[in-house]
Amino acid sequence: MKPEIHGNVQVLDWRDDFGVVSQGYPLSQQILRTDVSGMPLEWVDYREAARLYHTEQVAYACGTLLYRLYGGTCAKTGLRTTVDVNSIIATLGHTGNPGNLRGAGYTPPLNNQTLFRRDAYLCLYCGARFTYSLLSRDHVTPFSRGGQDHWKNVVSACRRCNNAKASRTPEQAGMQLLAVPFTPTYAEYIFLKGRRVLADQMEYLVAHFPRSSPLHERMQRWPM
Ligand SMILES: [Zn+2]
C-alpha cells in the first residue's frame, strides 16, 4: 500500500518496512538533534530520526516538517502509523553536550572540513575564496618554530600564500591575517559540521553561540 500523496509532495524512497514522503527536501537532508533542554547534540539522517521516534526517545520537535514516515499497519485501527520528522528534534536521555563556554575543557577535533568552514573558505592571507580542494591548512606559527596543530594556530590558506609564507611566521613573511583563529564551542562546531544547514537550523544554532562568537561577525562579513 502506498501512502496517499497530497499536493506536490513526492515519494522519494520506498522500502518494505516503511515509506518516506518528503516535503520537498532531499533524503540526504540532515536533522538537528538536541537534548531535552534544547542544547544541540549532532546531525542525524531520517533513518536515525525514525529509530529515535520508534524507541520513544523524541521529547518534542521544532523547525519545519521535512518528511512523513509511514510505518506498519496498526492492528486495532487498520491504519498505517505515521511519524512526522521535523528539522530539529529534542531527545531524552544523556545530553553529551559539553556546555557553551569557549575553552571550558572541550576542544572539538580539528579537521579541514570544519576548519575551512570556520574560515568561510577564504584564504586568510589574500582574502580570496576557494573551493575545498584548493585550500590548505596553514600553521600560523610553523611546526619548526614550535607551533602546534591546534585550532588557534591554524587557518585556511590558498596554496600560493601557504608556499609564499613557507616556514615563517606571518610577521616574518610580511603577511597579515584577516581574522584571528579560534577554537569553536560545541554548538559552533555542530554548525561548522553541518552540510546544507537549513535556515531554521542555522537560526537555532546561532542562538546557542556565545554572544562574543567570532562567527556572528564572520557570517555577516563573509556569507556562506
Ligand atoms: Zn591566498
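Just so we're clear, the structure is a prediction, and the values are computed from it rather than from any experiment. (Residues numbered from 1 in each chain as written. Predicted model: local features only at pLDDT ≥ 70, side-chain atom pairs only at ≥ 80, totals over all residues.)

This part is about the overall build of the protein. Scanning the protein for helices and strands turns up seven helices and eight strands. Looking at the protein residue by residue over its 224 residues, the buried ones come to 27%. Nonlocal contacts in the protein, meaning residues at least 24 apart in sequence, comprise 62% of its contacts between residues at least 6 apart. (Helix = DSSP H or I, 4+ residues; strand = E, 2+ residues; numbered from the N terminus. Buried ≥ 20, exposed ≤ 12 C-beta atoms within 10 Å, placed from the backbone. Contact = placed C-beta atoms within 7 Å.)

Quick look at the nonpolar core now. Counting residues in hydrophobic clusters, the biggest one holds 24 residues, and the most contacted among them are I31, Y67 and V85. Looking at this core, the elements with two or more residues in it are β2 (19-22), β3 (31-35), α1 (46-54), β5 (58-73), β6 (80-91), α5 (186-193) and α6 (199-206). Residue contributions to this core peak at six residues, all from α5. Excluding anything up to four places from it in sequence, Y67 contacts V20, V21, S22, Q23, Y46 and V85. Ranked by size, the runner-up nonpolar core spans 13 residues in total, among them L122, V140, V154 and A157. (Core = buried A, V, L, I, M, F, W, Y, C linked by C-beta atoms within 7 Å.)

Here the protein averages 88 in pLDDT, while 88% of its residues score no lower than 70. Looking over the protein, one finds the lowest element-wise mean pLDDT in strand β1 (residues 10-14), namely 45, and the highest in strand β8 (residues 154-158), namely 98. Ignoring residues within four places in sequence, the model shows residues 1-16, a span with pLDDT below 50, making 16 contacts including any to other chains. (pLDDT = per-residue confidence, 0-100.)

Examined against the element boundaries, G93 turns out to sit in the loop between β6 and α2 (112-118). Taking the number of C-beta atoms within 10 Å as the measure of exposure, G93 has 10 and is therefore exposed. Sequence separation between G93 and V36 is 57 residues; the distance between their C-alpha atoms is 7.7 Å.

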